[in-house]
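What follows is each chain in one-letter form.
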Amino acid sequence: MRQTIRNILLFLLAAVLLVIPVSGYDTPEGYVSSLYHNDEAWYKDSMAPLLVKDGVYHIPADILEMFPGITVQEYEEKKNLLIHNTNSGSYASIVYSTASAAVNGEIVGDVDIFRQEGYYYIGAEWIAGICGLECTFQKDRSGNMLLRLTNGEQRRSFDELVDDYTSTAEQEETKSEPIETVIPEDDHVKKIYLVCTDTPGTDNTPAALLKKNGLAYTEFLVKESGPDRILADAGIVTGGVFAEDGTVIAAEQVNDRVQALLCRRLPMALLPDDGDTEAFKQAGYIPIIPDFTVNYQTDPDVVFEDMLKHFQDNDHAVLQVGTDGCSQRILVLLKELLSWNENYKAVSLTEWE
């Protein structure tokens, strides 16, 4: 009996050791990322690092969404994962239970895929090739293997990138006192106006993500928004139109289509950072320029800290999000803040002052 129990324990131990984190770091302090995308470190690396299993390096599927145009959709009820490069049209529809996939119309088997800590892990070089990405491997100063995914838009060498992040981690290790986030607490509610734009042609919209998280938001229509989206907004409060190039003409083009269907124009216009607010006011619009914008190129944790500092001198902030992993991360941080601090409130622009 004892021998049987011993064998079972040895089997379980072996199963655990099959999947080994590549990095030797195990704490956020002084942490050096094992994964990089273009010129950035993977912000979820401490939770979902590079892993090696049976001699194959695996990456979490989520990191692929750090690249514009690449989407990752999980269908939990079917145990199916759809990874699609909308720029090239290349895709992989993976069935987890059978480790098989349809890759650009061709059925393949023996797909390197497994789940760990809630993340789907896929063979790095295999999925990178399908998505049109390049894998570069390199060891850090401690001999840990690192992986960088690139789409041709990187500007720095891998050596420079690793040296920069390693130096930053070493500096953090030498800090004598941690920096605490200053969160203002007073009787006046700080309003966070969450905004997004319509993304025609997909159900994976920012509005759907915000709605799923139970957060109040305002969506802006774009020139490609179809009649179904415009008519769907007839029964709800819509923020307005997105002036993609920052001009009144761009806003008017969207509003002409809105008026043709709804017999009214939308009053607000979402502008890029360099938009001419005075020109929009003269044209009768209420111009909205985000104070903070999160996309695949931003560090959501840094943006969140900056937003909290912004609230020390301001009563509101406009935060624009998308559907990328960085946007999802900042929504997690935001929901956590709202759950315990009543001085903050996520609101739509119907409360714009």
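Just so you know, these numbers come straight off a predicted model, no measurement behind them. (Residues numbered from 1 in each chain as written. Predicted model: local features only at pLDDT ≥ 70, side-chain atom pairs only at ≥ 80, totals over all residues. Heavy atoms only, no water.)

> What exactly am I supposed to notice about the pattern of salt bridges here?
Pairing of side chains with opposite charge becomes possible as their charged atoms draw close. In the structure shown here, the tally under the stated rule is eight salt bridges. Residue Glu 252 pairs with Arg 265 through a salt bridge whose shortest N-O separation is 3.2 Å. Placement of Glu 252 in helix H6 (residues 248-262) and of Arg 265 in the loop between H6 and strand S18 (268-270) is noted, with a sequence separation of 13 residues between them. Using a relative accessible area of 28% as the deciding quantity, one classes Glu 252 as partly exposed. Across the salt bridge formed by Arg 265 and Asp 256, the nearest N and O atoms sit 3.1 Å from each other. (Salt bridge = Lys/Arg side-chain N within 4 Å of Asp/Glu carboxyl O. Helix = DSSP H or I, 4+ residues; strand = E, 2+ residues; numbered from the N terminus. Buried < 20%, exposed > 50% of the residue type's maximum accessible area, 1.4 Å probe, protein only.)

> Can you help me understand the sheet that holds strand S3 (residues 40-41) in this one?
Pairing between the strands of a sheet comes from backbone hydrogen bonds, and it takes one of two forms, parallel or antiparallel. Taken in spatial order, the four strands of this open sheet run S3-S2-S14-S13, and their pairing is mixed. Strands with a single pairing partner mark the edges of an open sheet, and in this sheet they are S3 and strand S13 (134-139). Alignment of strand S2 (residues 35-37) against S3, held across two bridges, turns out to be antiparallel. Within S3, the residue paired with Tyr 36 across the bridge is Ala 41. Of the strands in this sheet, S13 and strand S14 (145-150) touch helix H2 (residues 124-131), which is tilted by about 145° from S13. (Pairing = 2+ DSSP bridges. Contact = heavy atoms within 4.5 Å. Axes fitted to C-alpha atoms, helices over the stretch in contact; angles between N-to-C directions.)

> Help me out: how do you make sense of the sheet that holds strand S9 (residues 100-103) in this one?
In spatial order, the strands read S6-S7-S8-S9-S10; together these five strands make up an open sheet with antiparallel pairing. Where the open sheet ends on each side, the last strands, each with one partner, are strand S6 (70-75) and strand S10 (106-108). Here the strands of the sheet are splayed against their neighbours by 15° on average, with no regard to which way each runs. Where S9 meets S10, three bridges bridge the pair, whose relative direction is antiparallel. By the bridge assignment, Ala 101 is partnered in S10 with Val 108. H2 contacts S6, strand S7 (80-85), strand S8 (91-95), S9 and S10 of the sheet and is inclined by roughly 140° relative to S8.

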